[in-house]
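# Survey of secondary and tertiary structure
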Amino acid sequence: MLQTRPEPGAAQPYTFPKPQRLQVGGGSVIAIDVPGQSFAAIRLIQPAGGAAEPLDRMGVATLTGEVLEDGIHGNSSLAPALERHGAEWVSRVSWDAFVTGVDAPVNRITDATALFAEAVRTPALRADDVLRRREQLLERFWLDVSQPSTLASRAVGGQLFTGRYATPLNGGPVRLADVTPEIVAEFHASSIAGVAGTLVVVGDLSDVDLEALGRTVFGDATPTAPEPVTAPERAAGEFPRILLLNRPDSVQSAIFMAHHAPSRSAIDLPRAEGMSDVLGGMFTSRLNMKLREELGYTYGVGCRFDLRRDSGVFCISTQVEAPTTAHSITASLEEIDKLRTGGVTEGELSAVRESNTVGLPVTYSTARSLAYAMVEMVVHDLPEDHVDRLRAGFERVTAEDLRQAAVDYLHPDQLVAVVVGDAGQLEKPLRETGVGPVEVRDPETLWT
Amino acid sequence: MTTNGAAGQIGRFTLDNGLRLVTAPAATGQLAAVNLWYGVGSRHEVPGRTGFAHLFEHLMFQGSGNVKKSEHFDAVERLGGDINASTSTDRTNYFETVPEHALDLVLWLEADRLATLRDGMTQEVLDNQRDVVKNERRQRYDNVPYGTALERILRLGYPEGHPYHHATIGSMADLDAADLDYVLSFHKRHYGPDNLVLTVVSSLDPEDVHERVKRYFGGIPARETVAEAPDAALEGPIGGPVRDRVVETVPAPAVFLGFRVPAYGDRDFDVMLLASAVLGQGQGSRLYRRLVVERGLAVDDGGGSADLLPFRYTPSLMLVNMIAREGVSGDTLEEAILEEVVLMTEEGITEEELERARAVLERDHLQSVAHPSGLADTIGSCTMLFDEPELAYTWPQRWAEISADEVVAAAKRLLGQENRLTVRFDPEETPEATEAAGESASA
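Residues numbered from 1 in each chain as written. Chains lettered and ligands numbered in written order. Predicted model: local features only at pLDDT ≥ 70, side-chain atom pairs only at ≥ 80, totals over all residues. Heavy atoms only, no water.

## Points about the overall build of chain B
- Helices and strands together make up the secondary structure of chain B, namely 17 helices and 11 strands.
- Structurally, chain B occupies a C-alpha span of about 65 × 50 × 40 Å along its principal axes.
- For chain B, contacts bridging at least 24 residues in sequence account for 80% of all contacts bridging at least 6.
- Accessible surface computed for chain B: about 15500 Å², of which carbon and sulfur atoms make up 47%. (Helix = DSSP H or I, 4+ residues; strand = E, 2+ residues; numbered from the N terminus. Contact = heavy atoms within 4.5 Å. Areas by Shrake-Rupley, 256 points an atom, 1.4 Å probe, with all protein chains shown as cover.)

What follows is the structure in structure tokens.
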């Protein structure tokens, strides 16, 4: 009755769209035309991420990103103005960049971009608004960390680094409280208002005047270079180790295992990402097959590299039924060990190669995903054929490359495991794993 | 093949076995978004079997007659594709986006599990996925603050025994009770080509897609017996006000209000969707302006405090949800939200507010159909629920014809206390929570 299983033919060759580039005043416009894509994505990238914040101003970038939504009239006036154009404000502060923008129907982007540009360049920055947004961010922090997985991921920075990365990106609940309206105004004046940056525009551009858009956004702003890159200091203490954050009566444990990794520019991405895919980057990865499909401990587990301009982190995250917590950690470490010693199978190698090459039309099928790729290129100084080079790198990668990547980039002896769960139930089994010392803490004592 | 002039490029086909195929063009090339809507959801479940439609969704990835466990995932991931599934009250949805050259393979994988799933099912697989789903339940419901809110809302909004009385995740006891015989019979009852809408969004010629779908699905027979869903008829308001008060470890008081509104697809559903957008969607909405910005009573939710749960076969629910700021009691927040609800019914809304609400809804709609996978899903929905795939393109027009007077009249009719349910969460160890452990407390 059924047909025999078809073998896919050859994939069509994919080339990442070549962007148009133009210089407008002090800034650069990079645009991708996607005929028929009626919703446009517009992003302004400025080199003012969290990593560059002085220790006494941690969180100022995030807070400023929030306050921009109060618009040029203050009092949360931007979003309603954009809403009337069917547009949506976008703001994302990362460790390396301050990214703002707007998603809008392509026939409304002139108006939407004008509103967006005003909000970025000349916001009201009223003290009342700053204080309201700050208090809201502080309360949001506590709400967010009441989710065990968020608490685990936010706690890990302090285990791996001293300095800026030891505190969460938004400054955390203590440091953020010290950021005043004056500090926000100074940060905006020095790093945002007059800094031209790079404008990314993606969508159906047949009727879009890119130069006019650039003029609207850049005005008389001037270019500025990113902060110099210096490697951050690492946290002291014995590795590997376990930090157990007590959350009484939890029926599940959130586990976040992490160690240092090279920076984005220092890592060989096809090898590293390919190895990470095999370990925990795909549904069919070893960790997911073991913890979910074989043991039934979890709804899902994954791993990834978080790569910044000056450093990196490799992490594994999952949530498991409480009694399986200790074994979930040791089973994960066993999978790392197997990958380091035994390398990958031919089947895993082909999965890595194929998924990172023939899948590119899927990866870049929306204006947003194309814009995101362009933002990454700008933030990390990547060439415009970066995606094509990456694809070529995956085509060349070998099984030996992936085994060696596991040796080069996985360091279980340097790992810290943050576990959020019921300490009464978990402390003893975690100590018995022999992974390393176990420190039990009240989550509220973490934030300084 | 028939096409709609406005949508322009939709292709519609029905196979001899009842399978409905819809095709549409993608905005970017070289890919195919494949989306399957099966007309089975948690509304088909009966007491003692809750959570089964969703558990079954997991089992659909565990192998079939010609596909090994996890091989379906493996095949799509190798293609760099996106793959997932979801279950709601009214349907179960499977979807993949893959490079275009792999369309045949995906169609074959989907056809194989439709035709031969029962050949590959084992007790071991069932036991494993039962554990996975129980962990999904822990992760989404039991181990997070406010996680049980939806279950509590549905219990208040629909009477015991009603097919919408429970959440799709089901209860731990019912998940434990699931047995292999029931798995096999569930597939036989609900999974037939006659209960399937298959949507393909790609750059391929619709006739070409039709030929391929016929090749892989054409030989699968329709179900011998069409399963009947339990009766979901429900008249009148909730019979409120009804409430559920929870005192447990949560970071702040939270208020959830629910109101029964007409079924998804009815004009009054659209009217109430506009009402919810005026009230709580976007930062220009009333609840955001008044309670977040001006009065500082609620946590900043970005303008997402009101929405509708769309149920096609029974009255839907309008939900309003906010979390209290530090130092603000649950009672104060609840009263403030209710004031805004009453204000809307008593003082009406402005034309400008309605315009903004329409723009917000239209933006959300356009954003979801701008993605090939989102377009395929929307087309599947419009076909399965309304037999009108073109609605995926024209849906925003429904809101253009609704007036402010209509919104206010419907709000007056439907947002009264006789139609209201309230679920309140309060942290332990606050004077108010202690006082309220039994029932009502004042601000």
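## Quick word on the overall build of chain A
- Helix and strand counts for chain A come out as 18 helices and 12 strands.
- Against the globule reference of 22 Å for 448 residues, chain A gives a C-alpha radius of gyration of 23 Å, in line with a compact fold.
- Summarising its shape, the C-alpha atoms of chain A cover approximately 60 × 60 × 45 Å along the three principal directions.
- Across the 448 residues of chain A, 59% fall into the buried class.
- Surface summary for chain A: the accessible area is close to 17000 Å², and the carbon and sulfur share equals 49%.
- Looking at chain A, you have 40 positive and 60 negative side-chain charges, and the mean spots of the two groups are 1 Å apart. (Rg over C-alpha atoms; globule rule 2.2 N^0.38 Å. Buried < 20%, exposed > 50% of the residue type's maximum accessible area, 1.4 Å probe, protein only. Lys, Arg positive; Asp, Glu negative; His and termini not counted. Charge placed at Lys NZ, Arg CZ, Asp CG, Glu CD.)

## Quick notes on the interface of chain B and chain A
- Listed by partner, the interface residues are 78 residues for chain B and 72 residues for chain A.
- For the pair chain B and chain A, the two sides together bury roughly 6300 Å², of which 54% comes from carbon and sulfur.
- Linking chain B with chain A are 42 residue pairs in polar contact (both at pLDDT 80 or more).
- Elements that contribute at least two residues to the side of chain B that touches chain A include exactly helix H2 (71-78), strand E5 (92-99), helix H3 (103-120), helix H4 (123-142), helix H8 (206-217), helix H10 (286-294) and helix H12 (351-369) of chain B.
- No other element matches the 10 residues that H4 of chain B contributes to the side of chain B that touches chain A. (Buried area = accessible area lost by both parts, 1.4 Å probe. Polar contact = N/O pair within 3.5 Å; in protein donor to acceptor, adjacent residues only side chain to side chain.)

## Here we look at the UniProt feature "domain: Peptidase M16 C-terminal" (unreviewed entry) in chain A
- Here, the residues flagged by UniProt with the feature "domain: Peptidase M16 C-terminal" (unreviewed entry) are residues 178-354 of chain A.
- Measuring from the first to the last C-alpha atom of residues 178-354 of chain A gives 50 Å, for a span that is 40% helix and 24% strand. (UniProt positions renumbered as here; feature names shortened; annotations may be inferred.)

## Quick word on the domain arrangement of chain A
Residue and element names in this part refer to chain A.
- When the domains of chain A are assigned, the result is domain 1 (20-218) and domain 2 (241-445).
- The interface is formed by 32 residues belonging to domain 1 together with 36 residues belonging to domain 2.
- When the two sides are added together, the surface that domain 1 and domain 2 hide from each other amounts to roughly 2900 Å², 70% of it contributed by carbon and sulfur.
- The three residues of domain 1 that bury the most area against domain 2 are Asp96, Gln159 and Leu160, which together make up 21% of that side's buried surface.
- Taken together, domain 1 and domain 2 are joined by 3 salt bridges.
- One salt bridge in this structure joins glutamate 384 and arginine 21, with 2.6 Å as the shortest N-O distance. (Domains from an automatic or database assignment. Salt bridge = Lys/Arg side-chain N within 4 Å of Asp/Glu carboxyl O.)

## Here we look at the domain arrangement of chain B
Residue and element names in this part refer to chain B.
- By the assigned domains, chain B splits into domain 1 (11-217) and domain 2 (242-436).
- Centre-to-centre, using C-alpha coordinates, domain 1 lies 28 Å away from domain 2.
- Listed per partner, the contact involves 36 residues of domain 1 and 40 residues of domain 2.
- Together, the buried faces of domain 1 and domain 2 total about 3200 Å²; carbon and sulfur atoms form 69% of this surface.
- A salt bridge links aspartate 387 to arginine 12, with the nearest nitrogen and oxygen atoms 2.6 Å apart.
- For the side of domain 1 that touches domain 2, the secondary-structure elements that each account for two or more residues are strand E2 (20-25), strand E3 (31-38), E5, helix H5 (149-157) and strand E6 (196-202).
- Sorting elements by how many residues they give to the side of domain 1 that touches domain 2 places H5 first, with 7 residues.

## Describing H10 of chain B
- Extensive coverage of H10 of chain B is indicated by the burial of 7 of its 9 residues.
- Those residues of H10 of chain B not exposed but buried are Arg286, Leu287, Tyr288, Arg289, Leu291, Val292 and Val293 of chain B.
- Against helix H2 (78-83) and helix H4 (127-145) of chain A together with helix H9 (267-280), strand E10 (316-323), helix H11 (330-347) and H12 of chain B lie the buried residues of H10 of chain B.
- The positive-phi residue at the C-terminal boundary of H10 of chain B is glycine 296 of chain B, with phi of around 60°.

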